Every structure is written in structure tokens, then in C-alpha cells.
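Architecture at a glance
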Amino acid sequence: KPLSFKVPKNIKILLGDSFQEIDQVVYTLIQKGYLNQKDSSLAKSATYKRKVFQSIKKFQEAVGLHPDGILGFNTFQALNLSPLQKILQIQANLERCRWFSTHKLKAPLISIYLPEYNLYLHYADSINVQKVCIYSFRNLFLCHLKSNI
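Parameters at a glance
- Residues numbered from 1 in each chain as written.
- Predicted model: local features only at pLDDT ≥ 70, side-chain atom pairs only at ≥ 80, totals over all residues.
- Heavy atoms only, no water.
- Helix = DSSP H or I, 4+ residues; strand = E, 2+ residues; numbered from the N terminus.
- Buried < 20%, exposed > 50% of the residue type's maximum accessible area, 1.4 Å probe, protein only.
- Contact = heavy atoms within 4.5 Å.
- Areas by Shrake-Rupley, 256 points an atom, 1.4 Å probe, with all protein chains shown as cover.
- Salt bridge = Lys/Arg side-chain N within 4 Å of Asp/Glu carboxyl O.
- Phe/Tyr/Trp six-rings, centres within 6.5 Å; stacked < 30°, edge-to-face > 60°.
- Patch = residues over 30% accessible without salt bridge, like charges linked within 9 Å, V, L, I, M, F, W, Y side chains within 5 Å.
- Core = buried A, V, L, I, M, F, W, Y, C linked by side-chain atoms within 4.5 Å.
- Expected span 1.5 Å × (residues − 1).
- Arc of directions from axis to C-beta.

Turning to the overall build of the chain, a few remarks are in order. If you tally the helices and strands in the chain, you get four helices and five strands. In sequence order, the secondary structure elements of the chain are arranged as β-α-α-β-α-α-β-β-β. Classification of the 149 residues of the chain by burial places 32% in the buried group. When contacts within the chain are restricted to residue pairs at least 6 apart in sequence, those whose partners lie at least 24 apart make up 47%. Accessible area for the chain stands at about 10,000 Å²; split by element, carbon and sulfur atoms hold 57% of it.

Pasting the structure below:
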């Protein structure tokens, strides 16, 4: 279920800060599997506690955000992403991959799959851009760009 409060663009909740909606964050982390059901007692406090902070860092890393533990706008956007929205994102990215089809390129074509070639750019408020090389052609690298901006 989505968070029920409007998230301001300039929000920045740090470890130990008071935050009235922390209960919604805790329940969302439980629902997504980053906290256990027994951790629901963390929702009773309006303080951003270490266990929630550590879970947020794991969540941020899993969704491609800079894992700093800061509850910023992008982290809230990611927490609010429904499974259907994630599926639609994947479908859109698969469609973009079709745009880079190799049939338009002339021979000789060399396809190289390098799953470990990643470039991570981190900006303020946990924004992460990831550049993944898909293949090269005559010393020209054609890349897929994934961005969480």
C-alpha cells in the first residue's frame, strides 16, 4: 500500500531525527521484506532508529540508490513504487532495448556481453545513474543507460 502522506521534494530525514510518519516507513519495509514482522514495534516511535536506518540502506542498495540511509525524496519514491509500476518500468526498458537492435548495423559485428561493467554516479539525495555496456562495434561502445533520476 502506498504511503499516505505527500512527500516534499526537499525532505531529508537523518538517523535519530523525529518523523511522525516513520510508522508507514516501517510497515512498508516489513511488506517489502527488509524488516521482520517482529520489528513492527519500531513503528510506535516517531524517531528514525538505527534498525530502520540499516534496513533503508539495504533497500536503497537493492533498488539502485546510493545506500546512505537518508530518507530523501528519491527513497520515498522508491518505497512507494508498486509491483505493477515496477513491471511497467521493466517493460519500457525492454522496449528501449529493441531500439538498439543489431539488425541495422552492418557486418562485421562483434557482440560482447559484459555484465560486470558498471559505472555508478552518486548525487545528493541518493540519486544513482548506472551505465551498463551492452555490446561494442568497431571500437564504438553502444550502451544502455539506466537512471533513477
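Attention shifts here to the pattern of salt bridges. Applying the stated criterion to the full structure yields one salt bridge. Among the ionic pairs, Lys51 bridges to Asp39, the shortest N-O distance being 3.3 Å. One end of the pair, Lys51, is in helix 2 (residues 50-62); the other, Asp39, is in the loop between helix 1 (22-31) and helix 2, with 12 residues separating them in the sequence.

By secondary structure assignment, the location of Thr28 is in helix 1. Apart from the residues within four sequence positions on either side, Thr28 is in contact with Leu3 and Leu79.

Another point: the environment of Gly64. Within the secondary structure layout, Gly64 lies in the loop between helix 2 and strand 2 (71-72). With relative accessibility at 11%, the residue Gly64 sits in the buried group.

It is worth spelling out the packing of aromatic side chains at this point. Counted under the stated rule, the structure contains three aromatic pairs. For the pair Tyr34 and Phe59, a centre-to-centre distance of 5.4 Å together with 85° between the ring planes defines the contact as edge-to-face. Of this pair, Tyr34 sits in the loop between helix 1 and helix 2 while Phe59 sits in helix 2, and the two are 25 residues apart along the sequence. On the basis of an interplanar angle of 65° and a centroid distance of 6.0 Å, the ring pair of Tyr48 and Phe53 is categorised as edge-to-face.

What follows is about a nonpolar patch on the surface. The grouping of Leu84, Ile87 and Leu88 at the surface amounts to a nonpolar patch, some 290 Å² of accessible area in total. As for its placement among the helices and strands, Leu88 is situated in helix 4 (residues 83-99). You can call Leu88 partly exposed: its relative accessible area is 46%.

Val25, Val52, Leu71, Phe76 and Leu79 are the most contacted members of the largest nonpolar core, which has 25 residues in total. At the level of elements, helix 1, helix 2 and helix 3 (73-79) are the ones that each hand at least two residues to this core. A total of five residues in this core trace back to one element, the largest contributor, which is helix 1. When residues no more than four places from it in sequence are discounted, the contact partners of Phe76 are Leu3, Phe5, Val7, Ile11, Phe19, Val25 and Leu71.

Let us now look at helix 2. The terminal C-alpha atoms of helix 2 lie 18 Å apart, and with 13 residues this matches the ideal 18 Å at 1.5 Å per residue to within 8%. Every buried residue of helix 2 is listed here: Val52, Phe53, Ser55, Ile56, Phe59 and Gln60. Projection of helix 2 onto a plane perpendicular to its axis shows the buried side chains occupying an angular sector of 165°, all on one side. Residues of helix 2 that are exposed and angled more than 90 degrees away from the buried face: Lys58, Glu61 and Ala62. Contacts made by the buried residues of helix 2 are with helix 1, strand 2 and helix 3.

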